[in-house]
Amino acid sequence: MILSTGARVRVQVGGHAIGKWNIQAVPDAAPTIALTAKPSPTEQKATKFAFKSADDYGIARARAVLAPQKGHGKPLVVDLPLPESNAKTIDQTSYVDLTGHPYAGLTVTGHLEARDAIGQTGVSAPVTFKLPARVFTDPLARALIEQRQQLATSDAAGRKIVLLTLDALTIAPEKFYQGKNDIFLALRSAFNGVKNAKADADIARVETILWETALKLERGGLLSA
């Protein structure tokens, strides 16, 4: 049974008391968490989260929840590694590389959450900041990254704009994609992916295609190791 209040427990055998205890139920308070500095980028473009958290029995999990300030994008949830399991107090800095996410380069509003073992959650005050992003110098790669952001933050009407843009970017392949058939086919695959998307997972696959194609363009055709 769950004891939510204090109680007196007595065990009897044949009318004789063989044990008794006074039990005091101590409430389990929800954890607290707060940023100690505004999230900021490192030289390597990782996002730095400095925070403090506390709980009377121990913190089981901490995470950042970020959403684009403009658009219709779903929240990005990022787990923050803890120095030890169920520590009662935490004062640390976590570094997370988010440059590969479609929200990279966008202004987001976010907060931190701390959770204890029974699922109680503490939430920090919200903060608005810009996520660091990888710099792309290839013009087509930059265009694909922009469409990827648009896709991640748009409703159905916004996706139609992405569809038209991807179609326009693949006009006259014999003129603009000589020796780059793989890039052309990737963009047509992305176009058809948006056109036939029926679920969020379909859009996520297109976002992956656009990211990998942009990386390949930026590296001059070289794949990542």
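For the structure, see preceding data.
The rules behind these values
- Residues take numbers from 1 onward in each chain, read along the sequence in its written order.
- Local features in this predicted model are restricted to residues of pLDDT 70 or higher, and side-chain atom pairs are both shown and tallied only at a pLDDT of 80 or more, whereas totals for entire chains, interfaces and linings draw on every residue.
- With hydrogens and water set aside, each side-chain value is computed from the structure's full complement of heavy atoms.
- The numbering of helices and of strands both runs from the N terminus, where a helix is a DSSP run of H or I of at least 4 residues and a strand a run of E of at least 2.
- Each residue after the first adds 1.5 Å to the expected span of a helix.
- In this analysis, axes come from line fits to C-alpha atoms, helices being fitted only over the stretch in contact, and the angle between any two N-to-C directions falls in the range 0 to 180 degrees.
- Should an angle fall under 35 degrees it is taken as roughly parallel, and over 145 as roughly antiparallel, whereas 65 to 115 is taken as roughly perpendicular and any remaining angle as oblique.
- A crossing counts as left-handed when the near helix is turned anticlockwise from the far one by less than a right angle, and as right-handed when that turn is clockwise.
- Whether two residues are in contact is decided by their heavy atoms: any pair within 4.5 Å suffices.
- Gly is put with the polar residues, along with every residue not named as nonpolar or charged; the nonpolar set is Ala, Val, Leu, Ile, Met, Phe, Trp, Tyr, Cys and Pro, and the charged set is Asp, Glu, Lys and Arg.
- A 1.4 Å probe rolled over the protein chains alone gives each residue an accessible area, and that area as a share of the maximum for its type sets the label: buried under 20%, exposed over 50%, partly exposed in between.
- None of His or the chain ends enter the tally, which takes Lys and Arg as positive and Asp and Glu as negative.
- For salt bridges, the criterion is a side-chain nitrogen of Lys or Arg within 4 Å of an Asp or Glu carboxyl oxygen.
- To pair, rings of Phe, Tyr and Trp, with the six-membered ring standing in for Trp, must have centres within 6.5 Å; the planes then decide the type, stacked if under 30 degrees apart, edge-to-face if over 60, and tilted in the middle.
- By definition, being over a ring means that NZ of Lys or CZ of Arg is both within 6 Å of the ring centre and within 35 degrees of the ring normal.
- For two strands to count as paired, DSSP must find a minimum of two bridges between them.

Here we take up helix 5 (residues 200-218). Relative to the 27 Å expected for 19 residues at 1.5 Å per residue, helix 5 spans 27 Å between its end C-alpha atoms, a close match to the ideal helical length. Two residues or fewer after helix 5 comes Gly220, characterised by a positive phi angle close to 70°.

Let us look at the packing of helix 1 (residues 139-153) against helix 2 (residues 156-169). It is the contact of helix 1 with helix 2, at a shortest axis distance of 9 Å, that shows an interaxial angle of 160°. Classified by the angle their axes make, helix 1 and helix 2 are roughly antiparallel. Where helix 1 crosses over helix 2, the handedness of that crossing is left-handed. The segment helix 1 lies against helix 2, with Leu140, Ala143, Leu144, Gln147, Gln150 and Leu151 engaging Gly158, Arg159, Ile161, Val162, Thr165, Leu166 and Leu169. Tallied by class, residues from the contact of helix 1 with helix 2 come to eight nonpolar, four polar and one charged.

In this section: unusual backbone geometry. Residue Asn86 is not a glycine yet carries a positive backbone phi of 60°. On the secondary structure map, Asn86 appears in the loop between strand 6 (76-79) and strand 7 (87-96). Taking the relative accessible area as the measure of exposure, Asn86 reaches 39% and is therefore partly exposed. Positive phi outside glycine occurs at Ala172, with the angle close to 50°. Turning to its location among the elements, Ala172 is positioned in the loop between helix 2 and helix 3 (173-176).

With that settled, consider the side chain of Asp116. Among the secondary structure elements, Asp116 is positioned in strand 8 (residues 107-116). No salt bridge is formed by the buried Asp116. Its closest oppositely charged neighbour is Arg115, at 6.9 Å. Excluding its chain neighbours within four sequence positions, the residues that come into contact with Asp116 are Asp28, Ala29, Pro31, Asp55, Gly58 and Ala60.

A separate point is the packing of aromatic side chains. We describe a pair of aromatic rings using the distance from one ring centre to the other and the angle between the two ring planes. This model, assessed by the stated rule, comprises three aromatic pairs. For the pair Phe49 and Phe129, a centre-to-centre distance of 6.4 Å together with 85° between the ring planes defines the contact as edge-to-face. Placement of Phe49 in strand 5 (residues 47-68) and of Phe129 in strand 10 (residues 127-130) is noted, with a sequence separation of 80 residues between them. As far as the burial class goes, Phe49 and Phe129 line up, both buried. On the basis of an interplanar angle of 55° and a centroid distance of 5.7 Å, the ring pair of Tyr177 and Phe184 is categorised as tilted. Accessibility assignment for this pair places Tyr177 and Phe184 in one class, buried. Across the ring face of Phe136, the terminal group of Arg134 is positioned such that the distance to the ring centre comes to 5.4 Å.

Quick look at the pairing of strand 6 now. Only one face of strand 6 is covered, namely the one carrying Leu76 and Val78; the face carrying Val77 and Asp79 has none of its residues buried. The pairing of strand 5 with strand 6 spans four bridges and is classified as antiparallel. Across the sheet, Ala64 pairs through a bridge with Val78, a residue of strand 6.

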